[in-house]
Amino acid sequence: MATKLERMAGSKHRFLLNMGPQHPSTHGVLRVVLEMDGEYAMELDPVLGYGHRMHEKMAEVRPTSGFYPNTARMDYLGAILFSHGYVGLLERMAGVEVPERAEYIRVITAELNRISSHLVGIGAYVLDLGAFTPILYAFDDREKILDILEAITGSRLTYCYFRAGGVSRDIDDTFIRRTREFIDRMRNRMPMYHDLVTDNIIFLKRTKEIGLIDRDMAIRYGLTGPVLRGSGIAYDVRKSEPYSIYDRFDFEIPTGENGDSFDRYLVRMEEIVQSLRIIEQALDALPDGPVMAKTKKIKLPAGECNYTVEAARGSLSYYLVGDGSDTPYRLKIRVPSYANLSPLPELCRGILLSDLVTAMGSLDLVIPEIDR
Amino acid sequence: MKSSEAILKLMEAGFQAESVDVNGVGYHVRAHVDAEQVRSFAQWLLAQGFFIDFLTAVDASPRIQMIYQFAHYDHPCRINARVPLPDSGAIDTISDIYQGADWHERETRDFFGVHFSGHHNLVPLILCDEDKDLKPLLKKEGDRKSLEEIGWADVPAAD
Amino acid sequence: MDTMQMTLYDVLRMVIAFLLVITIVFINALVMGYLERKVAAKIQRRWGPMEVGLQGWLQMVLDGVKIIAKQLIVPRDADRVVFRVAPLLSFTPVVLPFLVLPFAKNLVGRDINLGLIFIIAVSSINVLSIFVAGWASNNKYSLFGAVRSVSQNIAYEIPILLSLLSVVLITHTYSMQGIVAAQGTVWFCLVQPVACLIYLVSATAETNRAPFDLPEAESELTAGYHTEYSGFGFSLFMIAEYANMFIVCAVATVLFFGGWHGPFSGEYLGVLWFLLKVFLLMLTMIWVRWTYPRVRFDQLMNLAWKYLIPFSLVNLLLTALIVKCI
């Protein structure tokens, strides 16, 4: 795509611009090398790996239980969702039956974590567009979730709560009461977010028709999560391949219409509402019983196994090859942001720097998850 | 497309495929694909509307095994294909068919040293330039397991 | 007596006025910095500065001390002299307009008969300082900020001038005191609502405040033209920004909101009314900043060239016709 200036002067006046690794809008240590034509980004080349820790190698050198904390350190905003995939994988491989109550607790905490992740995503996105206030409102609500989860998991961000066979601690009445309070609070707050952000004319003008993703592009890049659902494709692992006990709950998959940045934002807002529904149903149906199965030390049989869950940013696959010991022979982690970031060069070719920030923010990236 | 239907279609297109227990291994269809077939396999999947889930490798003796996994947006049908890497250490790229495979292939090159012939930009992605030949996920000589030991003996290794 | 000959009284008056103005500029930055942080905190449901002094009112003073103690880092490839001159260049033009602002009936540095033109002329230099800062930093982001700033300021000077002119057509004077005196009974914001609105929008853009803060859009350009500035260089830009806010709000007060007019304004007490009005306007600017996202650059330019300028032209024409007919 050539701009008017370019048709007149050729490409000689293009120059390189380093966006990141320490740029306010790259949300961490992502670096994008831009070839700029004035304010238009003509070519983009994302450079990854600044936060690389080689989690996959770490998994190969320690028993499966030693890898629980690592799962939280990939996607630090959706730590519980990442643990969910890992323990699910171990249980599927080792054939561990999980008690009913533990499954319900898992769903409740996972959905709470999803809400907190989406709140950060939305808040940071609007911050990218230059509005300072919504992120603090979002953090205010997120704070309530962190308090609730801190009381039972012991940490506020990098939770290590799920174990193969259940969860490490039972929840109490305080947890249930506070969670119900949070559901009411959050439902009351949603109209405020829509007033403040969704109906804001500047926000609409900035996000509509920016960063269009269609089905073809989604397939070629393997996009998942809200990024995909904004384009009107109702793909959610919780529905298509129900894991844990997600098939017991009544919830919808919100989808967008145009596949632009605004739709992706709106999908995240709607998903908060749907997650609240799931939590409410799970609290209503919460059975009594143990929260941890009586398990021996987990031995991984020889063979392969895949476990896919819906993390906050999309489909997350753990793929494990076992060799009969308690240490994985190979663990591949397919993280959603990795695929969601990869269309960036195609998505943002020839658009304004401001729109690049809009489009990149709408992908809701967590860079440590991409770098692993 | 249901998984049974997918298998039929895969067979029609000239690929080996079998149904597997989804609760056991976590995917619906296991495809047997040769290294030469990778590109036509990917083209077939793209035509059927599958999206790329991931692409990686597992180091085992006698040769590295490539893992391709695809899934579908509209139907619960997850296809997994294990492709033995030829002795040349190179396999055809699918990054021009599935652009999303671009980064997965570069990452696999970083971690295993697998060469993807035809890849337009096979430079280090995750590792830095100094470490580009580190290949951290290759097993040490004594640690490398044979295909039988990691439960893959049932499939004959293609040559 | 020869009017060109300065008496001792005149010299003394100028010195005192100048000292007062410098003091006002710095105190204004302190007060506004504190207000901005407190108001932003209230809007965002947090406390803001609380530690030093009652409600943290000493925070800005201590920040000032800290910032003076900081090293002024000059990037290696920057144009050293120009880089250091730029903050001073931004500071000077914002001091001068204070000399002609009518704070009260008898409280004005010097009421020259071209006061309004003087303010517009002097404060236009500000854009030069931003451009110089962006250019001298030798940083692409700074340059982006500088380029944006130039086109933005040039675009928004026009609607500002046009909207001010429509007031001048009514008052037949450029003297600030004269304009205030003309609003004894009715404020011009009621006579010229369109011009008032256009002026307020353009003034926000002219001072580079959100939602028009594109020259320093931190999510796009890290910090725009002052990315490379540290220590007092940076704080001079901030002081200039707040002083600039004060000036545009003071001009708005003088031209549209009755200046120092108010009950019991008298000879000197009008200054309270004046400051009240100015600070209310500045609070509105703060309020807007912490509520709205930033517009995109082409949208900003469209707003100026496609809406504000045509509307202000039509408004000016209508005013001229009506004034002529009456």
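Residues numbered from 1 in each chain as written. Chains lettered and ligands numbered in written order. Predicted model: local features only at pLDDT ≥ 70, side-chain atom pairs only at ≥ 80, totals over all residues. Heavy atoms only, no water.

A. Spatial organisation of the sheet that holds strand E3 (residues 40–47) of chain A. Residue and element names in this part refer to chain A. Ordered in space as E1-E2-E3-E9, the four strands form an open sheet in which the pairing is antiparallel. The sheet terminates laterally at strand E1 (15–19) and strand E9 (351–352), the two strands that pair on one side only. For E1 and strand E2 (residues 31–37), the ladder comprises five bridges, and the chain directions are antiparallel. Residue pairing for E2: Asn 18 is matched across the bridge by Val 33. (Pairing = 2+ DSSP bridges. Helix = DSSP H or I, 4+ residues; strand = E, 2+ residues; numbered from the N terminus.)

B. Seen up close, a nonpolar patch on the surface. Residues and elements named next belong to chain C. On the surface, Ile 27, Leu 30, Val 31, Leu 54, Trp 57, Leu 58, Val 61, Leu 62 and Val 65 cluster together to form a nonpolar patch covering roughly 800 Å² of accessible area. At the level of secondary structure, the elements contributing two or more residues to the nonpolar patch comprise helix H1 (8–43) and helix H2 (59–69). Secondary-structure assignment places Leu 62 in helix H2. By relative accessible area, which is 41% here, Leu 62 ends up partly exposed. (Patch = residues over 30% accessible without salt bridge, like charges linked within 9 Å, V, L, I, M, F, W, Y side chains within 5 Å. Areas by Shrake-Rupley, 256 points an atom, 1.4 Å probe, with all protein chains shown as cover. Salt bridge = Lys/Arg side-chain N within 4 Å of Asp/Glu carboxyl O. Buried < 20%, exposed > 50% of the residue type's maximum accessible area, 1.4 Å probe, protein only.)

C. The packing of helix H5 (residues 125–136) of chain C against helix H6 (residues 140–171) of chain C, seen in detail. Residues and elements named next belong to chain C. Interhelical geometry of H5 versus H6 gives an angle of 160° and a closest axis separation of 7 Å. Classified by the angle their axes make, H5 and H6 are roughly antiparallel. Here H5 and H6 pass one another in a crossing that is left-handed. Of H6, the residues touching H5 (which contributes Val 127, Ile 130, Phe 131, Gly 134 and Trp 135) are Ser 142, Leu 143, Ala 146, Ser 149, Val 150 and Asn 153. In terms of residue class, the contact of H5 with H6 is built from seven nonpolar, four polar and no charged. (Axes fitted to C-alpha atoms, helices over the stretch in contact; angles between N-to-C directions. Parallel < 35°, antiparallel > 145°, perpendicular 65-115°, else oblique. Left-handed = near helix turned anticlockwise from the far one by under 90°. Contact = heavy atoms within 4.5 Å. Nonpolar A, V, L, I, M, F, W, Y, C, P; charged D, E, K, R; others polar.)

D. Structural context of the packing of H6 of chain C against helix H11 (residues 231–256) of chain C. Residue and element names in this part refer to chain C. At their nearest, the axes of H6 and H11 sit 11 Å apart, and the two run at 30° to each other. Taken together, the axis directions place H6 and H11 in an arrangement best described as roughly parallel. Of the two elements, H6 crosses H11, and the hand of that crossing is left-handed. Where H6 approaches H11, its residues Ser 163, Leu 164 and Val 167 are matched on the opposing element by Val 251, Leu 255 and Phe 256.

E. View of the interface of chain C and chain A. Contact with chain C, which involves 24 residues of that partner, is made by 36 residues of chain A. For the pair chain C and chain A, the summed buried area comes to about 2600 Å², and 57% of that belongs to carbon and sulfur atoms. Among the residues chain C hides against chain A, the three largest losses belong to Phe 144, Pro 293 and Arg 296 of chain C. Together they make up 23% of the total. Here chain C and chain A share two salt bridges between them. In this structure, the salt-bridge partner of Arg 296 of chain C is Asp 355 of chain A, at a minimum N-O distance of 3.1 Å. Summed over the shared surface of chain C and chain A, the number is ten residue pairs in polar contact (both at pLDDT 80 or more). Where the side of chain C that touches chain A is concerned, the elements lending two or more residues are H6, helix H10 (218–221) and helix H13 (297–325) of chain C. For the side of chain C that touches chain A, the per-class residue count stands at nine nonpolar, five polar and ten charged. (Buried area = accessible area lost by both parts, 1.4 Å probe. Polar contact = N/O pair within 3.5 Å; in protein donor to acceptor, adjacent residues only side chain to side chain.)

F. Spatial organisation of unusual backbone geometry. Geometrically, the link from Ser 61 of chain B to Pro 62 of chain B is a cis peptide bond, its omega value of 10° lying close to zero. Among the secondary structure elements, Pro 62 of chain B is positioned in the loop between strand E3 (50–58) and strand E4 (65–72). In the Ramachandran plot, Asp 364 of chain A falls in the positive-phi region, its phi being about 50° despite a non-glycine side chain. Phi is positive for Asn 208 of chain C, which is not a glycine, with a value near 60°. Within the secondary structure, Asn 208 of chain C sits in the loop between helix H9 (193–206) and H10.

G. Seen up close, the packing of aromatic side chains. All names here are of chain C. Tallying each qualifying case throughout the model produces 33 aromatic pairs over all chains. Arranged with centres 6.2 Å apart and planes meeting at 35°, the rings of Tyr 156 and Phe 212 form a pair that is tilted. Within this pair, whereas Tyr 156 is found in helix H6, its partner Phe 212 is found in the loop between H9 and H10, the two being separated by 56 residues in sequence. In this structure, Tyr 156 and Phe 212 share a single accessibility class: buried. Here Tyr 225 and Phe 237 contribute two aromatic rings whose centre-to-centre distance is 5.3 Å and whose plane-to-plane angle is 75°, an arrangement assigned as edge-to-face. Here the residue Tyr 225 occupies a position in the loop between H10 and H11, and Phe 237 occupies one in helix H11, the gap between them amounting to twelve residues. (Phe/Tyr/Trp six-rings, centres within 6.5 Å; stacked < 30°, edge-to-face > 60°.)

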